[in-house]
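# Residue-level structural notes
The residues making up each chain are set out below.
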Amino acid sequence: MERRAVMVEPVVDRDVIEACQTGDREAFRQLFECYKDRVFSIACYSLGGDEAAANDVTQQIFLKLMTSIRQFRGDSAFTTWLYRLVINACTDEHRKRKRFLPFGDLTPVGRPDQRKSQETRFARREIGESVQAAIKKLSPKLQLPILLKYVEEMSYEEIAKVLGCSKGTVASRLNRGHRALAKRLAHLRQEVSE
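What follows concerns helix H2 (residues 25–46). Spanning 22 residues, H2 covers 29 Å between terminal C-alpha atoms, matching the ideal 32 Å at 1.5 Å per step. The sharpest bend along H2 comes to roughly 45 degrees, located at Tyr35. Every buried residue of H2 is listed here: Ala27, Phe28, Leu31, Tyr35, Arg38, Val39, Phe40, Ser41, Ile42, Ala43, Cys44 and Ser46. Buried-residue contacts for H2 involve helix H1 (14–21), helix H3 (51–68), helix H4 (78–96) and helix H6 (140–150). Positive phi shows up at Gly48, right after H2, with a value of about 70 degrees.

For the second largest pocket, the calculated volume is near 220 Å³. Lining the second largest pocket are Arg84, Ile87, Asn88, Thr91, Asp92, Arg95, Pro140, Lys141, Leu144, Leu163 and Arg173. Counting only elements with at least two residues in the lining of the second largest pocket, the list comes to H4 and H6. It is H4 that provides the largest number of residues to the lining of the second largest pocket, a total of six residues. Classifying every residue of the lining of the second largest pocket gives four nonpolar, two polar and five charged.

So, about the nonpolar core. With 52 residues, the main nonpolar core has Leu31, Ile61, Leu65, Phe78, Leu82 and Leu148 as its most contacted residues. At the level of elements, H1, H2, H3, H4, helix H5 (115–137), H6, helix H7 (156–163) and helix H8 (167–184) are the ones that each hand at least two residues to this core. Residues within four places of Leu31 in sequence aside, it is in contact with Val12, Ile17, Cys20, Phe62, Leu65, Ile69 and Phe78.

Let us look at the confidence of the model for the chain. Counting all residues, the mean pLDDT for the chain is 79, and 81% of those residues have values of 70 or more. Confidence, expressed as mean pLDDT per element, reaches its minimum in the chain at helix H9 (residues 186–193) with 66 and its maximum at H8 with 91. Throughout residues 1–9 the model reports pLDDT below 50, and contacts reaching past four residues in sequence, or to other chains, amount to 19 contacts. Confidence drops under pLDDT 50 across residues 98–110; counting only partners more than four residues distant or on other chains, this segment forms 21 contacts.

What counts as what
- Residues numbered from 1 in each chain as written.
- Predicted model: local features only at pLDDT ≥ 70, side-chain atom pairs only at ≥ 80, totals over all residues.
- Heavy atoms only, no water.
- Helix = DSSP H or I, 4+ residues; strand = E, 2+ residues; numbered from the N terminus.
- Expected span 1.5 Å × (residues − 1).
- Bend = angle between axes of the 7 residues up to and from the residue.
- Buried < 20%, exposed > 50% of the residue type's maximum accessible area, 1.4 Å probe, protein only.
- Contact = heavy atoms within 4.5 Å.
- 1 Å grid on protein atoms, 1.4 Å probe; cavity = no way out; pocket = protein on both sides within 12 Å on 5 of 7 lines; lining within 4 Å.
- Points joined across faces, edges and corners; volume = space filled by probe spheres on them.
- Nonpolar A, V, L, I, M, F, W, Y, C, P; charged D, E, K, R; others polar.
- Core = buried A, V, L, I, M, F, W, Y, C linked by side-chain atoms within 4.5 Å.
- pLDDT = per-residue confidence, 0-100.

Pasting the structure below:
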């Protein structure tokens, strides 16, 4: 089962969050429905595509939200606070794991008349897997800003709030991450240009 985040920014108004803080289960269901795919997406990318681990982290986050949402004071955007919980959970998971699982299976080759489109899909999938593998190899300090910037499309300021660091540190980590990825993916330039 493949899950993907909807790229429209989810919005839950302050009333829903306040209702969750008072224990309103319907409000919490709304919160869950609004953010579950975003949480899963961050976790999945952060954990190298391991959907089972991402599902576990997603469940942990929403269980934690049920017990800790009263701690949300509104000093920052709810999404900043939520993403911080996700980043912390993924960082903890990285510490526990000794190795990452590979990305999913490849599509089997079909009829000869479908071969060209399947070859194109296969090539794209290989490139995607190479990029994901290169991102997986980055340290969490470099990986998380890359994911928040390019997957979650967050600004430097938002990333800084989520990671609890300065915008300068975000810029530095993104720069170091870009250089590391460029080095690891240099072989793709040749493949793409052919």
